[in-house]
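For reference, the chains in residue letters:
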Amino acid sequence: MQKLTNKEEEIMHILWKLKKAFVKEIQAEITEDQPHYNTLSTIVRNLEEKGFVAHNAFGNTYQYFPAVSLEAYSKKYMNTAIDNYFNSSYKNMVSFFAKEEKISAAELREILAMIENPIEAN
């Protein structure tokens, strides 16, 4: 699975949200730096070539849908980020966010409770 560009990720997030969409519908969801229709269509076709998107044909019009789930993509790239930036250590990752004050002590206690009692967490 390849890493996507920022614009490709943005488009995939739209498709994950919408479940299926025509290029015009994807374009309508982009609020900043909206690409030209033809540019967006090219990006979507590139996503299809990479295996992230598939389509249903309605005459000459294509309705696109995700071929890769958000969960599968997230898992792959979270693991890669942890390997690359935190020396393959989840502990290093959590301590980084704690130092940056992106996670509170209360949230850490909740995570610990989930680890200690996985059945109750569900």
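Anything mentioned here points back to the structure above.
What counts as what
- Residues numbered from 1 in each chain as written.
- Predicted model: local features only at pLDDT ≥ 70, side-chain atom pairs only at ≥ 80, totals over all residues.
- Heavy atoms only, no water.
- Pairing = 2+ DSSP bridges.
- Helix = DSSP H or I, 4+ residues; strand = E, 2+ residues; numbered from the N terminus.
- Phe/Tyr/Trp six-rings, centres within 6.5 Å; stacked < 30°, edge-to-face > 60°.
- Buried < 20%, exposed > 50% of the residue type's maximum accessible area, 1.4 Å probe, protein only.
- Lys NZ or Arg CZ within 6 Å of the ring centre and 35° of its normal.
- Expected span 1.5 Å × (residues − 1).
- Arc of directions from axis to C-beta.
- Contact = heavy atoms within 4.5 Å.

Trainee: I keep staring at the pairing of strand β1 (residues 53-58) and nothing clicks. Help me out?
Mentor: Residues in a regular strand project their side chains so that they alternate between the two faces of the sheet. Across 6 bridges, β1 lies against strand β2 (residues 61-66) in antiparallel orientation. Each bridged residue has a counterpart across the sheet, and for H55 the counterpart in β2 is Y64.

Trainee: How should I be thinking about the packing of aromatic side chains in this particular structure?
Mentor: How two aromatic rings sit relative to each other is given by the distance of their centres and the angle of their planes. In this structure the tally under the stated criterion is 8 aromatic pairs. Ring geometry for Y62 and Y64: centres 6.2 Å apart, planes at 85 degrees, overall edge-to-face. Judged by its relative accessible area of 34%, Y62 is partly exposed. Under the relative-accessibility criterion, Y64 is labelled buried at 3%. Considering the side-chain rings of F86 and F96, the 5.4 Å spacing of their centres and the 55 degrees angle between planes classify their relative orientation as tilted. A residue pair is termed long-range when its members are at least 10 positions apart, and F86 in the loop between α4 (70-85) and α5 (90-99) and F96 in helix α5 qualify at 10 residues. Through successive ring pairs, a cluster of aromatic residues spans W16, F52, Y73 and Y77. We note K3 situated over the ring of Y77; from NZ or CZ to the ring centre the distance is 5.4 Å. Over the ring of Y77 we find K76; its NZ or CZ atom is 5.9 Å from the centre of that ring.

Trainee: What should I look at first to understand α4 in this one?
Mentor: For an α-helix, 3.6 residues make a turn, and residues three or four places apart therefore share a direction. For α4, which comprises 16 residues, the first-to-last C-alpha distance of 21 Å matches the rise-based estimate of 22 Å (1.5 Å per residue) to within 8%. When we look at burial in α4, the residues that qualify are Y73, Y77 and I82. Taken end-on, α4 shows its buried residues confined to a sector of 155 degrees, consistent with a single buried face. For α4, exposure combined with an orientation more than 90 degrees from the buried face picks out E71 and K75. For α4, the elements touching its buried residues are α1 (6-18) and α5.

Trainee: Honestly, helix α3 (residues 37-49) in this entry has me stumped. Any pointers?
Mentor: End to end, α3 covers 18 Å across 13 residues, agreeing with the expected 18 Å (1.5 Å per residue, within 8%). Every buried residue of α3 is accounted for by L40, S41, I43, V44 and L47. The arc that holds every buried residue of α3, seen down its axis, measures 160 degrees, which confines them to one face. Taken from the residues just after α3, G51 is the one with a positive phi, measuring 90 degrees.

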